[in-house]
Amino acid sequence: MRAVKETIVPVFIPHKGCPHLCVFCNQKNISGAYKAPSPEEVRDYLSGALSHENSDATIAFYGGTFTAIPWPEQEKYLSVASEFIDMGFASGIRLSTRPDEIDAERARVLKEHNVKTVELGVQSMDDSVLEKAGRGHTGADAMRAAKAVKDAGLELGIQLMAGLPGDSGERFLYTVSDTVRLQPHFVRIYPALVVEGSALADMWRRGECVPLSLLEAVELCAQAVGMFEAAGIMVIRIGLQPGEDLEKSLLAGPYHPAFGHLVRSRIALRKMLGALENFSGESAEIVVNPRELSVYKGIRNANVRELEKSTGRKIKISPGDADFGTFKIRP
Ligand code: SF4
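Below is a short write-up of the structure.

Along the backbone of the protein there are 13 helices and 12 strands. Computed over the C-alpha atoms, the radius of gyration of the protein is 21 Å, within 12% of the 20 Å expected from 2.2 N^0.38 for a compact globule of 331 residues. Projected onto its principal axes, the C-alpha coordinates of the protein cover approximately 70 × 50 × 35 Å. Across the protein, contacts joining residues at least 24 apart in sequence account for 79% of those joining residues at least 6 apart.

Structure representation (structure tokens):
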């Protein structure tokens, strides 16, 4: 299942409310934002960013632990965002927070203040991985938080991270299974990257962690996406948003500016390989929906080459009358 396009107007509040730094995190380098704007600055920003033309826009507070900001200030941010909702310039608020910073009462209050979606930075359900990542919460906290968010009638998003220190492919897929059971409305999946200024950078320099290779990360994320989508859960983001600040500060790890495309192409490759097993003939034409041509072909035709190598057939992938998400094979 693919995400339905929603207009998100992001407000970055780097590390605002965070009780400490998680080992993989340096929001300055990841989001490019250096200082959290005051509520007044948020008002100025939203005045320029919102208009009646995108009245269904969602104002999103990202990059910190929103619900751990002292309530008077939190309320100011929510009130400023609500001014624009009341004027018909936006339809709701979305925010990200940590699992140990939300409970039934706080979720109820958020709902009263026009919040419609809470994204939980769960990262892993494995307590030993969470400990090594310096998260300061457990998998059980994530389960409780997810329930509190959903019970309050809020939309639940979950962010997971593949390749954290102490994690393995098998453990990560357990995290995915546990997350599927929580039935979030959507998930985001990021591979762990080593960025300058994070504790992970020091661990990496001391040789205490080895990031996933690009191929390992793509394979693992492709499996995770397959599990979520088979359960009807939307995967709205795979890999960090590419950006100059991120690229400049990247030290190691499976970074690719089109990481999500690589993952989608890997999923398409697996499907085509499976279908070709039951197909006879020396050549095959695979007809796909025009909007998915580049995903099926892979970057620089990588999937075509891989299919030809694996099946020993001449392969052509063409745009045609296939429904989105499906393909047809012709001799
Ligand atoms: S990962 Fe989230 S909670 Fe941890 S430091 Fe970064 S923004 Fe804060």
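From this point on, the discussion continues.
Within the largest apolar cluster, 80 residues are counted, with the highest numbers of intra-cluster contacts made by F24, V118, V149, A162, I189, C221 and V225. Of the residues forming this core, the biggest block, eight residues, is contributed by helix α9 (residues 214-230). For V149, the contacting residues outside a window of four places in its chain are I102, A107, V118, L120, L154 and L156. L269, A284, V295 and I315 belong to the second-largest nonpolar core, a separate cluster that totals 11 residues.

With that settled, consider the sheet that holds strand β12 (residues 327-330). A sheet is described by the order of its strands in space; here three strands give the open sequence β11-β10-β12, paired in mixed fashion. The open sheet terminates on both sides in strands that have one partner only, identified here as β11 (314-319) and β12. Along the sheet, successive strands turn relative to each other by an average axial angle of 20 degrees, direction set aside.

Quick look at the site of the ligand now. Every residue lining the ligand is accounted for by H15, C18, L21, C22, C25, Q27, G63, G64, T65, R98 and G121. Split into classes, the residues belonging to the shell around the ligand amount to four nonpolar, six polar and one charged.

The next thing to look at is the pairing of strand β10 (residues 283-288). Of the two faces of β10, only one is covered, namely that formed by A284, I286 and V288; the face formed by S283, E285 and V287 stays uncovered. Pairing of β10 with β11, which is carried by six bridges, proceeds in the parallel orientation. Each bridged residue has a counterpart across the sheet, and for E285 the counterpart in β11 is K316.

Conventions and cut-offs
Residues numbered from 1 in each chain as written. Predicted model: local features only at pLDDT ≥ 70, side-chain atom pairs only at ≥ 80, totals over all residues. Helix = DSSP H or I, 4+ residues; strand = E, 2+ residues; numbered from the N terminus. Rg over C-alpha atoms; globule rule 2.2 N^0.38 Å. Contact = placed C-beta atoms within 7 Å. Core = buried A, V, L, I, M, F, W, Y, C linked by C-beta atoms within 7 Å. Buried ≥ 20, exposed ≤ 12 C-beta atoms within 10 Å, placed from the backbone. Pairing = 2+ DSSP bridges. Axes fitted to C-alpha atoms, helices over the stretch in contact; angles between N-to-C directions. Near = placed C-beta within 6 Å. Nonpolar A, V, L, I, M, F, W, Y, C, P; charged D, E, K, R; others polar.

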